[in-house]
There are 2 protein chains.
Amino acid sequence: MIIPGKYLLFLGAARDPLDAKTAYGLVDWAPERCAGQWRLPDCGIDLGLPDLAFGQAHAAGAETLVIGITPFGGAIAPEWVAPIVAALEAGLNVASGMHARLESVPEIAEAARASGAALFNVRTPGTRYAVGSGRKRTGRRMLMVGTDCAVGKKYTALAIARDMSAAGLKATFRATGQTGILIAGQGVPIDAVVSDFVAGAAETLSPDNETDHWDVIEGQGSLFHPAYAGVALGLMHGSQPDAIILCHAAGRTHVDGYPDFALPDFAECIETNLGMARLTNPMVRCAGISINTRVLPAEARVAHLQAISDRFGLPCFDPVATGAGALVAHIAKTFD
Amino acid sequence: MIIPGKYLLFLGAARDPLDAKTAYGLVDWAPERCAGQWRLPDCGIDLGLPDLAFGQAHAAGAETLVIGITPFGGAIAPEWVAPIVAALEAGLNVASGMHARLESVPEIAEAARASGAALFNVRTPGTRYAVGSGRKRTGRRMLMVGTDCAVGKKYTALAIARDMSAAGLKATFRATGQTGILIAGQGVPIDAVVSDFVAGAAETLSPDNETDHWDVIEGQGSLFHPAYAGVALGLMHGSQPDAIILCHAAGRTHVDGYPDFALPDFAECIETNLGMARLTNPMVRCAGISINTRVLPAEARVAHLQAISDRFGLPCFDPVATGAGALVAHIAKTFD
């Protein structure tokens, strides 16, 4: 699944910025892909991008209208249909992370057929994958693993790939979830893959590469999550990581939404992840710890990160507050 | 997915008994569900069941024609279409474990619509599942775990459920693969479930039950399999087993089809499975070891099982050669 950019970001009539996480993620991490925004009259969000009509956007080089909002329930709202059809008629493709597939709306399916444009449903896999082979691939891989879901694995991977590239290292962000796929323009929606093929899909995501190239792979789920651990394990085995990065959100004590499940401590989480990862890469090690410190007072963050770094003898960073420079230096020094 | 029995077993023109594993599994484990067989003229297999025409079978109480053969590739052969249509016209449902869905053949889809009969594709899930909740359920659960795929997990679970019932214990076999589903008449094809929902599907498979009732759950994959470990982990977390049974095939040293992956030793395999299973059931223990001793000389089997039993202090049995009596006695004594 390779989504042509640039993008025109569709915001519909959204009023709550939390509903526009996809659009904000794109503006934060792929500003060069964002040509403009398109809003219904009562939209309450402004990304700071130019408001472009569909024809204008197409003329300005935009290739894909991206649904940048994910309202609760994941459905395609009735008032979106006419503008989506108009975008298709103007020559744009359309990409969506909704649960409902775009072509399930007959008007949209028909307009896409008529215009020849592509519809991308990034929440559902576009192809069938093979089962995992276990074959060792060339190049290096780094996988984000979490104490829980939604702790900052995507932001961590994006920050690492950005900061490695800035330091002159060869690095590619590999997306495994819908927002990540839209940011990268490609990827595998790993939790939507049939379970038999998850490891195989992960193998496809990070193919053979130059020996000094790093794939920096967005994680999914957590080995300690009662619903999603199998997804995390299949992704891990197919990724064959040389390095794992432990990701955590400061202040989180229980699995989000599962109050009966306490989070593991860092040492247990690292050991369990390494133990399972050794199946497909016996040389795997933990290279760093990423903490989302958003809930901490700004003046307490550096000391919090330093204390964890001292305890584990590993770089500890916040991808937003500090960036991943310490990790990149550690990688450059310890892998050669 | 609940498949009405009795069954008429369809053997097509199969000549190799290995292609008829599903039919033999049904005859071995669910003889009371098997009303008869149906064969094309050049079929080389005889299950020892009466050959019944479709009308005869229906009159004799058969409700479902079961495709009992799985030729390489999993496709529906052209010469099967006319008899399947005739079976539908005679009032039978049709169940298949083929990769291709029955309704993908237009003549079959049309005949099913006309007759009102049901088409069961046991390799693909019939319903959407919820994500796992992690909620503890009443009743007890025993999960088969393997050193590899295809080591005898299904036969082990079937033998345990049979021998527990014979001993007056409350036990239900819970099927997670296509042949198991046909034997039980219901179940969840766990490796065909989208990865996000595997644990949730496993929760559905073994619902709340009486406190002294055991669900004996067919395992899938192995935590040490480079392609299928994620499936095994999701099934494990949703199953919340009180007991695991380690299953192995004597003589197997490497993951079948993956010569670079040595099998774990039993102690490591038990410890890893228990470590991961504790997430959703901290009280889990290993209750026994099941060995498929088919490759051993008959006179060597008992000593082989005894040596393993002595080493681990657990009952060790072969579901075919010895039955699961030793395990059932151990369960009755150690769980109360």
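Not measured: the values here are computed from a predicted model.

(A) Inspection of the overall build of chain A at higher detail. Secondary structure assignment for chain A yields 11 helices and 13 strands. Here the C-alpha radius of gyration of chain A, 20 Å, is about what a compact globule of 336 residues would show, namely 20 Å. For chain A, buried positions account for 57% of its 336 residues. Within chain A, counting contacts between residues at least 6 apart in sequence, those at least 24 apart form 76% of the total. For chain A, the exposed area adds up to about 13200 Å²; of that, 55% sits on carbon and sulfur atoms. Here chain A carries 26 positive and 33 negative side-chain charges, and the mean point of each set is 5 Å from the other.

(B) Representation of the side chain of H213(A) in the model. Residues and elements named next belong to chain A. Mapped onto the elements, H213 comes out in strand β8 (residues 213–217). A distance of 2.6 Å separates the side chain of H213 from the side chain of T172, its partner in a polar contact. Excluding anything up to four places from it in sequence, H213 contacts G139, R140, K170, A171 and T172.

(C) Here's a closer look at the packing of helix α3 (residues 78–89) of chain B against helix α4 (residues 106–115) of chain B. Residue and element names in this part refer to chain B. The geometry of α3 relative to α4 is characterised by a closest axis approach of 9 Å and an angle of 5° between their N-to-C directions. Between α3 and α4, the crossing angle belongs to the class labelled roughly parallel. Residue-level contacts link V81, I84, V85 and L88 of α3 to E107, I108, A111, A112 and S115 of α4. Residue composition of the contact of α3 with α4, by class: seven nonpolar, one polar and one charged.

(D) Main features of the layout of surface pockets. Residue and element names in this part refer to chain A. Taken as a whole, the second largest pocket holds about 410 Å³ of empty space. As for the second largest pocket, its lining consists of 21 residues, of which F173, R174, A184, Q186 and G187 are closest to the centre. Taken together, the residues of the lining of the second largest pocket sort by class into 12 nonpolar, five polar and four charged. Summarising the domain contributions, the lining of the second largest pocket has at least three residues from each of domain 1 (7–121) and domain 2 (140–334).

(E) Representation of the pairing of strand β6 (residues 140–146) of chain B in the model. Residue and element names in this part refer to chain B. For β6, the buried fraction is high: six of the seven residues fall into the buried class. Two elements, β6 and strand β8 (residues 213–217), share four bridges in a ladder whose sense is parallel. Bridging across to β8, L143 finds its partner in I217. As paired elements, β6 and strand β9 (residues 243–249) share five bridges and run parallel to each other. Among the inter-strand pairings, M142 is bridged to a residue of β9, identified as A243.

(F) Structural context of the UniProt feature "domain: D-glutamate N-acetyltransferase-like N-terminal" (unreviewed entry) in chain A. UniProt marks residues 45–125 of chain A with the feature "domain: D-glutamate N-acetyltransferase-like N-terminal" (unreviewed entry), using the numbering shown here. Split by type, residues 45–125 of chain A is 35% helix and 14% strand. Its first and last C-alpha atoms lie 30 Å apart.

(G) A look at the UniProt feature "domain: D-glutamate N-acetyltransferase-like C-terminal" (unreviewed entry) in chain A. In this numbering, the UniProt entry assigns the feature "domain: D-glutamate N-acetyltransferase-like C-terminal" (unreviewed entry) to residues 131–328 of chain A. As annotated, residues 131–328 of chain A comprises 34% helix and 21% strand, and the C-alpha atoms at either end are separated by 33 Å.

(H) A look at the nonpolar core. Counting residues in each nonpolar core, the largest one holds 81 residues, and the members touching the most others are I289(A) and I289(B). Once you skip the residues sitting within four places of it in the chain, I289(A) turns out to touch I245(A), L246(A), F266(A), I270(A), I308(A), F312(A), L314(A), P315(A), C316(A) and F317(A).

(I) Main features of the domain arrangement of chain A. Residues and elements named next belong to chain A. Taken as a whole, chain A is organised into domain 1 (7–121) and domain 2 (140–334). Taking only C-alpha atoms into account, the centre of domain 1 sits 29 Å from that of domain 2. Domain 1 puts 11 residues into the contact, and the matching count from domain 2 is 11 residues. Carbon and sulfur atoms supply 65% of the area buried between domain 1 and domain 2, which totals about 970 Å² over both sides. If you look at where domain 1 meets domain 2, you find zero salt bridges. One can count three residue pairs in polar contact (both at pLDDT 80 or more) joining domain 1 with domain 2. The greatest single-element share of the side of domain 1 that touches domain 2, amounting to five residues, is contributed by helix α1 (residues 21–29).

(J) Representation of the interface of chain A and chain B. Contacts between chain A and chain B engage 31 residues on the former and 31 residues on the latter. Interface area for chain A against chain B, summed over the two sides, is near 2500 Å², with a carbon-plus-sulfur share of 62%. For the chain A face of the interface with chain B, the top three residues by lost area are S195(A), D196(A) and L279(A), together amounting to 22%. Counting the contacts that link chain A with chain B gives zero salt bridges. Elements represented by at least two residues in the side of chain A that touches chain B include exactly α7 (198–205), α8 (229–239), β11 (258–262) and α9 (266–277) of chain A. Broken down by element, the side of chain A that touches chain B gets its largest block of residues, six residues, from α8(A).

(K) Local environment of the environment of S133(A). Mapped onto the elements, S133(A) comes out in the loop between β5 (119–121) and β6 (140–146). Discounting residues that sit within four places of it in the chain, S133(A) has contacts with E203(A) and Y258(B).

(L) The arrangement of the sheet that holds β5(A) in detail. Residue and element names in this part refer to chain A. One open sheet holds the five strands; their spatial order is β2-β1-β3-β4-β5, and the pairing between them is parallel. Two strands lie at the open edges of the sheet, namely β2 (34–39) and β5, each paired on one side alone. The sheet shows a mean angle of 20° between the axes of neighbouring strands, direction not considered. Across five bridges, the pairing between strand β1 (residues 7–12) and β2 is parallel. Each bridged residue has a counterpart across the sheet, and for Y7 the counterpart in β2 is C34. Helix α3 (residues 78–89) rests against β1, β2, β3 (64–67), β4 (93–96) and β5 of the sheet, and its axis sits at about 160° to β3.

(M) Quick peek at unusual backbone geometry. Each neighbour pair has its own omega, and for G5(A) with K6(A) the value is 15°, a cis peptide bond. Mapped onto the fold, K6(A) is located in the segment before β1. Phi is positive for A150(B), which is not a glycine, with a value near 55°. The residue A150(B) is located in the loop between β6 and α5 (153–166) in this model. Judged by relative accessible area, which is 63%, A150(B) ranks as exposed. One non-glycine residue, Q240(B), adopts positive backbone phi at about 50°. For Q240(B), the position within the fold is in the loop between α8 (229–239) and β9.

(N) Main features of the relation of the copies chain A and chain B. At an RMSD of 0.0 Å, chain A and chain B line up after a rotation of 180° and a shift of 0.0 Å along the axis. What the rotation and shift describe, once combined, is the action of a two-fold rotation axis. The fraction of interface residues of chain A whose copies in chain B are also interface residues reaches 100%, indicating that both copies meet through the same surface.

(O) Just the packing of α9(A) against helix α10 (residues 301–312) of chain A, in detail. Residues and elements named next belong to chain A. Relative to each other, α9 and α10 sit at 55°, their axes nearing to 12 Å. Viewed along their axes, α9 and α10 adopt a mutual orientation that is oblique. The handedness of the crossing between α9 and α10 comes out as right-handed. Seen from α9, the contacting residues are F266, A267 and I270; seen from α10, they are I308, R311 and F312. For the contact of α9 with α10, the per-class residue count stands at five nonpolar, no polar and one charged.

Cut-offs and rules
Residues numbered from 1 in each chain as written. Chains lettered and ligands numbered in written order. Predicted model: local features only at pLDDT ≥ 70, side-chain atom pairs only at ≥ 80, totals over all residues. Heavy atoms only, no water. Helix = DSSP H or I, 4+ residues; strand = E, 2+ residues; numbered from the N terminus. Rg over C-alpha atoms; globule rule 2.2 N^0.38 Å. Buried < 20%, exposed > 50% of the residue type's maximum accessible area, 1.4 Å probe, protein only. Contact = heavy atoms within 4.5 Å. Areas by Shrake-Rupley, 256 points an atom, 1.4 Å probe, with all protein chains shown as cover. Lys, Arg positive; Asp, Glu negative; His and termini not counted. Charge placed at Lys NZ, Arg CZ, Asp CG, Glu CD. Polar contact = N/O pair within 3.5 Å; in protein donor to acceptor, adjacent residues only side chain to side chain. Axes fitted to C-alpha atoms, helices over the stretch in contact; angles between N-to-C directions. Parallel < 35°, antiparallel > 145°, perpendicular 65-115°, else oblique. Nonpolar A, V, L, I, M, F, W, Y, C, P; charged D, E, K, R; others polar. 1 Å grid on protein atoms, 1.4 Å probe; cavity = no way out; pocket = protein on both sides within 12 Å on 5 of 7 lines; lining within 4 Å. Points joined across faces, edges and corners; volume = space filled by probe spheres on them. Domains from an automatic or database assignment. Pairing = 2+ DSSP bridges. UniProt positions renumbered as here; feature names shortened; annotations may be inferred. Core = buried A, V, L, I, M, F, W, Y, C linked by side-chain atoms within 4.5 Å. Buried area = accessible area lost by both parts, 1.4 Å probe. Salt bridge = Lys/Arg side-chain N within 4 Å of Asp/Glu carboxyl O. Least-squares fit on C-alpha atoms with pLDDT ≥ 70 in both. Left-handed = near helix turned anticlockwise from the far one by under 90°.

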